[in-house]
There are 4 protein chains.
Amino acid sequence: MKAFVMKEIGSVGFTEKPVPEPGPFDAVVRTTTALICTSDSHTVQGGIGPRENLTLGHEAVGVVHAVGSEVRHIRPNDRVLAGAITPDWGDAAAQNGFPSQSGGPLGGFKFANSKDGVFAEYFHVNDADANLAVIPDGIPDEWAVYCSDMLSTGFMGAEKGNIPIGGTVAVLAQGPVGLMSTAGAKLRGAGLIIGVESVPARQALARRYGAGEIIDFTSEDVVERVLELTGGEGVDTAIEALGADVTFQTAVKITKPGGTISNVGYFGDGEFVRIPRVEWGVGMADKTIATGLCPGGRLRMERLLRILESGQVDPTPMTTHEFAFDDMEQAFEVSDKKLDDVVKVLIRFG
Amino acid sequence: MKAFVMKEIGSVGFTEKPVPEPGPFDAVVRTTTALICTSDSHTVQGGIGPRENLTLGHEAVGVVHAVGSEVRHIRPNDRVLAGAITPDWGDAAAQNGFPSQSGGPLGGFKFANSKDGVFAEYFHVNDADANLAVIPDGIPDEWAVYCSDMLSTGFMGAEKGNIPIGGTVAVLAQGPVGLMSTAGAKLRGAGLIIGVESVPARQALARRYGAGEIIDFTSEDVVERVLELTGGEGVDTAIEALGADVTFQTAVKITKPGGTISNVGYFGDGEFVRIPRVEWGVGMADKTIATGLCPGGRLRMERLLRILESGQVDPTPMTTHEFAFDDMEQAFEVSDKKLDDVVKVLIRFG
Amino acid sequence: MKAFVMKEIGSVGFTEKPVPEPGPFDAVVRTTTALICTSDSHTVQGGIGPRENLTLGHEAVGVVHAVGSEVRHIRPNDRVLAGAITPDWGDAAAQNGFPSQSGGPLGGFKFANSKDGVFAEYFHVNDADANLAVIPDGIPDEWAVYCSDMLSTGFMGAEKGNIPIGGTVAVLAQGPVGLMSTAGAKLRGAGLIIGVESVPARQALARRYGAGEIIDFTSEDVVERVLELTGGEGVDTAIEALGADVTFQTAVKITKPGGTISNVGYFGDGEFVRIPRVEWGVGMADKTIATGLCPGGRLRMERLLRILESGQVDPTPMTTHEFAFDDMEQAFEVSDKKLDDVVKVLIRFG
Amino acid sequence: MKAFVMKEIGSVGFTEKPVPEPGPFDAVVRTTTALICTSDSHTVQGGIGPRENLTLGHEAVGVVHAVGSEVRHIRPNDRVLAGAITPDWGDAAAQNGFPSQSGGPLGGFKFANSKDGVFAEYFHVNDADANLAVIPDGIPDEWAVYCSDMLSTGFMGAEKGNIPIGGTVAVLAQGPVGLMSTAGAKLRGAGLIIGVESVPARQALARRYGAGEIIDFTSEDVVERVLELTGGEGVDTAIEALGADVTFQTAVKITKPGGTISNVGYFGDGEFVRIPRVEWGVGMADKTIATGLCPGGRLRMERLLRILESGQVDPTPMTTHEFAFDDMEQAFEVSDKKLDDVVKVLIRFG
């Protein structure tokens, strides 16, 4: 089969690989639709270390091609959604309530990391009954594929942010994950959502997903403006959706005592992420810093699909570009180089 | 001043009373708008014991008439909202996180219980800075008055129900509190909300506030239908918004293992509320039963006002009737006898 | 191999069975030590329905005899502890945080329920890496075997009871699970633990495990006495460790507003478990009712073993009787008929 | 009356002040016993900015001298304990669950900060019913005075650390707060407590309060040793009880994915507190960072007193030095310069 791989650090392209075989509890899925993620670029740049001919991609839906002998719930020809994270549910970290950390830190992140990813004609899913969800008939692939990572990660930012009904929330950066954190904050009943973003197209999407106020950090002081919008108090919850030291600092500064800084950004650079000491209340202001990695699993995916089914969130306006799998090299370049105001690039297979 | 009182058990009417005086931390508010609650009827029927010439009512907004010497935040002429529950915030129960229980079980419930209520030209509010919120300019009184009890109690049902994003919720009975629990479930990101109700007008309101499915218990078996709608599993959260033994039993039966039965109903009759033993998993199915009493306080009210301000919930379709305060006797009869498909009766003062 | 079985409702005895075979993720353990539980008696009396030649018992330790091909962590000859509950960790209920409910209500309860139990020379454990813990060298079998159910269930009562440091706790009934709830309340930092029990030997054990006060319900009014001991307020947490309607009612009555009734009792009789309406605050006193089923899993077992290792809890004083497996019939009678002030009966194999 | 004050930054001494008067809800307490805290030194060094003739001290017990007209619970001649933090309970931050942040970040910290402290013959307590607890007869002043800050702050470190029964905990630095975090970890049921400390006398106290292992950071690599003691996994909870950037970094490194870094240290220096990026899982390892400020209030104090009453924690071994109030200058020097292996200096009045 055809696979789009990271050949080595800095280099991508197509290669031929055998169709994977399922173990007793696994499934193999024929890919129909996928999304490119900025972390695919991080990976290619060496963010997780060197890899050789590793198939890229972790956001995909498809049709079940084959299942192992012990699989009970999932059947061949089911139209299915795989979470970007596919935990080992029996692992101690999963028993402890943190399945994304099963098998070690971030160990649930297998696609395009510890095994081949989804940018191929077929992909392999461990523990199929636990990690795949059947997509209801009314939901097209182009919607469902957003549940894999974008909705799951973005909403997690809101969930870990401990937002009270009517609370105030700032979401720093309105890339696709930030946009879904904005939508997630609305789903948790935030009373005011402040989106921080400078790109007009992303500002417009932020408003669509629930932001009542927008701060353009290129022309306004974010801390000052957030305090102004919250009567000098700061927000209940600040969601860091960029993964930059300076943005993280802003998040701490704009959060009120007793509030939560919820991180969904991937921090790729530097030795440290720095907490501003005084604004953190010299370590005593009850400002909690929460983090996590995209929740996976059948139950999570079913719940996210229900959000699509009820029409509460429509992710498709984030699809700014579509390509056929054969044009993957061009597609990857658009995403990688952030050409043409890209938000998300969708790939169609077969 | 004129006050509408419970003269004795079973009897209501107008009487004259002096305008109340504020203590050092208190305020006196000139009433502008109020709502009648079914618990006003419970009170008149003797639900909280005998009372003599007690002013009724606990849902009101108005304009500050006078404040005590130690009040710092609230000022005369502020347009304000009082929570139905006005806790003593320093009490041990409040320190324990349960301000509605300050001063004893349900002790935060003072209006028309341990002191005069709000159906009068003026009403008294203890600890004004803690228990009153200033109403933003854009929100009319007829909206704001719903925050006092209806939004606060109804949303609490959803909040204590521990609803996951995309989770399944059933709200049993769609009276005004049930309707606001439905709206609250939507605000917490429920994926499917099932409203149980037989009255067509209330079914329509339930759909408006977020119910995706309606079960008419007069023509369908609720347990069977909920299981059908949830793939045989039951709901994550069942909100009991009626206060009836049989409804409570249904709530336990339709909740899945690991789910929550969240009660907002007032149970007025019988020695016991009964848990169905087998469906409760013989006491071992991780089905939690949560309860509470309408949260009050300035912070809560400000957060609820923000929900109105953002337009996420419009409570005014619940106002089926409006009367001038002078017509209070007629107004009370409509609410008390549930005439004319009443949902909520709004009273205008002065 | 020799197995001690429930032949049919009301009848027990030895039978011969083949040594079980492990599936790819499973293990077979050679039993060395087991405990008899009152729920073994419930089962024989028909509490979970009819069974034919079902091996009884769910509390055991042993030595690994064989493992399946996919088992990575557990190895032959490891001395191991199996939780009484052996969940399917990939199941949706486990993903939801309730592994004991995997595969349906109480579905994690497999031994002597949906498959053969541990009263045999060998027993089978599903998902060995997830459900078995290796016993550290310093801990003898006679200690470790108590982790399987007694510590896990008893401590759960304290954990779900949401006990604050210095809080007040009542534990109703001081059978082996109640005693371990008493020990669990102490482990969570309770400031006052009140044990309710009439049997002198159990009262003495309760004091040993942390009860500061004992109430003998045969000579004192429990509600009155608890209120007296708590300044009229009631306890933060009441743990029901009997499974009787009347005890449950007492638990609700003695819990303060904002407190938690935590159930670990198995309710075997009647159509209903009844909540006293008025003392429950007519459904509005913030009294939460929590339940659960013995947590299982390798992580839980390792944590419980650490409690033994540190010497914080010594369960062996609960072992009032010891028998060889060959004398199982006599042993079962002692436990079943509660002869001779029995608390727990320990069985030695081979 | 005589008061021991910070005259200006860097200078302390006695001065005469009038006995304070209580407002309507307040009390004035005649001091009997107090403790010196390292934060008194921070204050004198200018840690909270310049002050002129500010009475120092925030840990004290005494006898009620006078109460205001509205005080109901506390009476003259009651022997009482004041929390170091005396919140405004009606403030929005307190309503939000964070009373220590009432009136602004760290605003509940009033003694020797926004008003005179307790190192005087009399001290003033706002909202006496909410902020004072009556000391039970059996508890001497020299025990009770430790509840004010040491037990309350230290235990908070354990409580916010989310320690599971049988979990693993490291407490970094075994000063008096760290020692009480160690005791707190034991009270929450930790299975293994690792104390990090180099001073032999403090190591011995750490063992006494529950540490099962001690790491001397001057001779061992803390990260390496903690990983060794936890099977390579790291601890469930790391409590930072020093307030140093490098210690904080260690805390992040030794915490396992899904674990909690709980801070009780006061960070006095530098612009930033730095999170090690990679060991923090690039912001995705579910490592939560929690903070807080000493909980105050009558309920908290009553609960802590119950811990003393039950004998679970004896704080008096931490009293290495005792002085009369007249010798306060000498006493302060011992604490300030950490002379003579000081842990805590106790002051006796009158």
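Here the structure is a predicted model, which is why all the values come from computation and not from measurement. Each chain carries its own residue numbering, running from 1 in the written order of its sequence. Chains and ligands are labelled by the order in which they are written, letters from A for the one and numbers from 1 for the other. With pLDDT at 70 or above as the cut-off, local features in this predicted model cover only qualifying residues; side-chain atom pairs require 80 or more to be listed or tallied, and sums for whole chains, interfaces and linings still use all residues. In computing side-chain properties, one takes all heavy atoms of the structure into account and sets aside hydrogens as well as water.

(A) Just the packing of aromatic side chains, in detail. Residue and element names in this part refer to chain C. Between rings of Phe, Tyr and Trp, where Trp is taken as its six-membered ring, a pair exists when centres lie within 6.5 Å; planes separated by under 30 degrees are stacked, by over 60 edge-to-face, and by other angles tilted. Enumeration according to the criterion identifies 34 aromatic pairs over all chains in this entry. Both rings, one in Phe-4 and one in Phe-14, keep their centres 5.4 Å apart while their planes meet at 70°; by these two values the pair is edge-to-face. Of this pair, Phe-4 sits in strand 1 (residues 2-8) while Phe-14 sits in strand 2 (residues 11-16), placing them 10 residues apart in sequence. Burial classes follow relative accessibility: with a 1.4 Å probe on protein chains only, a residue under 20% of its type's maximum area counts as buried, one over 50% as exposed, and anything between as partly exposed. By relative accessible area, which is 0% here, Phe-4 ends up buried. Numbering of helices and strands runs from the N terminus; a helix is a DSSP stretch of H or I covering at least four residues, while a strand is a stretch of E covering at least two.

(B) Quick peek at the domain arrangement of chain A. Residues and elements named next belong to chain A. The start and end points of each domain follow an automatic or database-based domain assignment. Its domain assignment divides chain A into domain 1 (2-149 + 294-348) and domain 2 (154-291). Taking only C-alpha atoms, the centre of domain 1 and the centre of domain 2 are 27 Å apart. Listed per partner, the contact involves 19 residues of domain 1 and 16 residues of domain 2. Across the interface of domain 1 and domain 2, roughly 1400 Å² is buried in total on both sides, 68% from carbon and sulfur atoms. By the criterion of area lost to domain 2, the three top residues of domain 1 are Val-313, Met-318 and Val-343, representing 32% of everything that side buries. Salt bridges are counted wherever a side-chain nitrogen of Lys or Arg sits within 4 Å of a carboxyl oxygen of Asp or Glu. Among the salt bridges present, the one from Arg-300 reaches Glu-159, with a minimum N-O distance of 2.9 Å. When checking whether two residues touch, look at their non-hydrogen atoms; a contact exists if any pair is within 4.5 Å. Once two parts are joined, some of their accessible surface, as seen by a 1.4 Å probe, is lost; buried area is that loss totalled over both.

(C) Expanded view of helix 11 (residues 328-336) of chain A. All names here are of chain A. What helix 11 keeps buried is the set Met-328, Ala-331, Phe-332, Val-334 and Ser-335. Each buried residue of helix 11 lies within a common arc of 160° when the element is viewed along its axis, so the set occupies one face. Against strand 1 (2-8), strand 2 (11-16), strand 3 (27-36), helix 1 (38-44), strand 16 (319-324) and strand 17 (344-348) lie the buried residues of helix 11. Just beyond helix 11, the residue with positive phi is Lys-338, at close to 50°. Here, the arc refers to the directions that run from the helix axis to the C-beta atoms.

(D) Region of the structure containing the sheet that holds strand 4 (residues 54-55) of chain C. Residues and elements named next belong to chain C. Should DSSP find at least two bridges between two strands, the strands are taken to pair. A sheet is described by the order of its strands in space; here three strands give the open sequence 2-1-4, paired in antiparallel fashion. The open sheet has two edge strands, strand 2 and strand 4, and neither has a second partner. Both strand 1 and strand 4 contribute to a ladder of two bridges, which runs antiparallel. What sits directly across from Val-5, in strand 4, is Thr-55. Simply put, an axis is a line fit to the C-alpha atoms, just over the touching stretch for a helix, and the angle between two N-to-C directions goes from 0 to 180 degrees. Running at roughly 155° to strand 2, helix 11 (residues 328-336) makes contact with strand 1 and strand 2 of the sheet.

(E) Structural context of the sheet that holds strand 4 (residues 54-55) of chain A. Residues and elements named next belong to chain A. Here we have three strands laid out as an open sheet, ordered 2-1-4, and antiparallel in their pairing. Only two strands of the sheet have a single neighbouring strand rather than two, namely strand 2 and strand 4. In this structure, strand 1 lies alongside strand 2, joined through six bridges in antiparallel fashion. Note on strand 2: the bridge partner recorded for Val-5 is Gly-13.

(F) Up close: the pattern of salt bridges. All names here are of chain B. Taken as a whole and judged by the stated rule, the model has 76 salt bridges over all chains. The closest approach of N and O atoms between Asp-116 and Lys-17, which form a salt bridge, is 2.8 Å. Of the two residues, Asp-116 is situated in the loop between helix 2 (92-95) and strand 7 (122-125) and Lys-17 in the loop between strand 2 (11-16) and strand 3 (27-36); the sequence distance between them amounts to 99 residues. Its relative accessible area of 33% is what places Asp-116 among the partly exposed residues. When the shortest N-O distance is used, the salt bridge between Lys-256 and Glu-233 registers 3.6 Å. On the criterion of sequence distance, the pair formed by Lys-256 in strand 13 (residues 255-263) and Glu-233 in the loop between helix 8 (222-229) and strand 12 (235-240) is long-range, its members being 23 residues apart. The class for Lys-256 is buried, based on a relative accessible area of 10%. In this structure Glu-233 comes out as partly exposed when scored by relative accessible area, which is 40%.

(G) Geometry of the UniProt feature "domain: Enoyl reductase (ER)" (unreviewed entry) in chain A. In this numbering, the UniProt entry assigns the feature "domain: Enoyl reductase (ER)" (unreviewed entry) to residues 7-347 of chain A. This span, residues 7-347 of chain A, is 27% helix and 25% strand, and a straight line between its end C-alpha atoms measures 20 Å. UniProt positions are given in the numbering used here, feature names are shortened, and annotations may be inferred rather than shown by experiment.

(H) Here's a closer look at the relation of the copies chain D and chain A. Mapping chain D onto chain A calls for a rotation angle of 180° and an axial translation of 0.0 Å; the resulting RMSD is 0.0 Å. Seen this way, the second copy is the image of the first under a two-fold rotation axis. Alignment of copies: least-squares fit on C-alpha atoms of residues with pLDDT of at least 70 in both copies.

(I) Broad picture of the interface of chain B and chain C. With 40 residues of chain B in contact, the opposing surface of chain C contributes 40 residues. Where chain B abuts chain C, roughly 3600 Å² becomes buried across the two surfaces, and 59% of that area is made up of carbon and sulfur atoms. By the criterion of area lost to chain C, the three top residues of chain B are Arg-277, Met-284 and Asp-286 of chain B, representing 20% of everything that side buries. The interface formed by chain B and chain C holds two salt bridges in total. Residues Lys-160 of chain B and Asp-286 of chain C are paired through a salt bridge, measuring 2.3 Å at the closest nitrogen-oxygen approach. Whenever a nitrogen or oxygen atom comes within 3.5 Å of another N or O atom, the pair is scored as a polar contact, on the condition that within protein one atom can donate a hydrogen and the other can accept it, and that pairs from neighbouring residues in sequence are kept only if both atoms are in side chains. Between the two partners, chain B and chain C, sit 26 residue pairs in polar contact (both at pLDDT 80 or more). Of all the secondary structure elements, the ones that give two or more residues to the side of chain B that touches chain C are helix 9 (245-254), strand 13, strand 14 (272-276) and strand 15 (288-290) of chain B. Taken together, the residues of the side of chain B that touches chain C break down into 18 nonpolar, 13 polar and nine charged. Asp, Glu, Lys and Arg are counted as charged, while Ala, Val, Leu, Ile, Met, Phe, Trp, Tyr, Cys and Pro are counted as nonpolar; the rest, among them Gly, fall into the polar class.

(J) The arrangement of the environment of Asn-126 of chain A in detail. Residue and element names in this part refer to chain A. Of note, Asn-126 is situated in the loop between strand 7 (122-125) and helix 3 (128-131). You can call Asn-126 buried: its relative accessible area is 10%. Put simply, Asn-126 and Lys-253 are 127 residues apart on the chain and 42 Å apart in space, counted from C-alpha to C-alpha. Ignoring any residue separated from it by four or fewer positions in sequence, one finds Asn-126 in contact with Asp-26, Thr-86, Pro-87, Asp-88, Lys-110, Lys-115 and Asn-131. Of note is the side chain of Asn-126, whose polar atom sits 3.0 Å from the side chain of Thr-86.

(K) View of helix 7 (residues 200-208) of chain D. Residue and element names in this part refer to chain D. Turning to helix 7, its buried residues are Arg-202, Gln-203, Leu-205 and Ala-206. Buried positions in helix 7, seen along its axis, are confined to an arc of 160° and lie on one side of it. Of the exposed residues in helix 7, the ones pointing more than 90 degrees away from its buried face are Pro-200 and Arg-208. Structurally, helix 7 contributes buried residues whose contacts are with helix 6 (176-187) and strand 11 (213-215). Trailing helix 7 by a residue or two, Gly-210 shows a phi angle of about 130°, which is positive.

(L) Molecular detail of the side chain of Ser-41 of chain D. Residue position: Ser-41 of chain D is located in helix 1 (residues 38-44). Beyond its immediate chain neighbours, meaning those up to four positions away, Ser-41 of chain D contacts Phe-332 and Asp-336 of chain D.

(M) Fine view of the confidence of the model for chain A. Per-residue confidence for chain A gives a mean pLDDT of 97, with 100% of residues at or over 70. Across the predicted assembly, pTM comes out at 0.98 and ipTM at 0.97. Confidence of the predictor at the level of single residues is captured by pLDDT, which takes values from 0 to 100.

(N) Structural detail: the interface of chain D and chain A. Listed per partner, the contact involves 40 residues of chain D and 40 residues of chain A. Roughly 3600 Å² is buried in total at the junction of chain D and chain A, and carbon and sulfur atoms are behind 59% of that figure. For the chain D face of the interface with chain A, the top three residues by lost area are Arg-277, Met-284 and Asp-286 of chain D, together amounting to 20%. For the pair chain D and chain A, the interface holds two salt bridges.

(O) Local environment of the state of the cysteines. We call a pair of cysteine sulfur atoms a disulfide whenever their separation is within 2.5 Å. A complete count under the given rule lists zero disulfides over all chains for this structure. The closest cysteine sulfur to the non-disulfide-bonded Cys-147 of chain B is located on Cys-294 of chain B, 10 Å from its own sulfur.

(P) View of the pairing of strand 16 (residues 319-324) of chain D. Residues and elements named next belong to chain D. Here five bridges tie strand 16 to strand 17 (residues 344-348), and the two strands are oriented parallel to one another. Its bridge partner being in strand 17, Glu-322 is matched across the sheet by Leu-346. Each parallel crossover has a hand, and the one from strand 16 via helix 11 (residues 328-336) to strand 17 is right-handed. Handedness of a crossover is defined as follows: orient the strands so they point away from the viewer, and if the path from the first strand over the helix to the second runs clockwise, the crossover is right-handed.

(Q) Representation of the packing of helix 8 (residues 222-229) of chain C against helix 9 (residues 245-254) of chain C in the model. Residue and element names in this part refer to chain C. Between helix 8 and helix 9, whose axes approach to 10 Å, the crossing angle comes to 25°. Classified by the angle between their axes, helix 8 and helix 9 sit roughly parallel to one another. Handedness of the crossing formed by helix 8 with helix 9: right-handed. Across the interface between the two elements, Val-222, Val-223 and Val-226 of helix 8 pack against Thr-250, Lys-253 and Ile-254 of helix 9. The residue inventory of the contact of helix 8 with helix 9, partitioned by class, reads four nonpolar, one polar and one charged. Our angle categories are set so that under 35 degrees counts as roughly parallel, over 145 as roughly antiparallel, 65 to 115 as roughly perpendicular, and the remainder as oblique. When the near helix sits turned anticlockwise from the far one by under a right angle, the crossing is termed left-handed; a clockwise turn instead gives a right-handed crossing.

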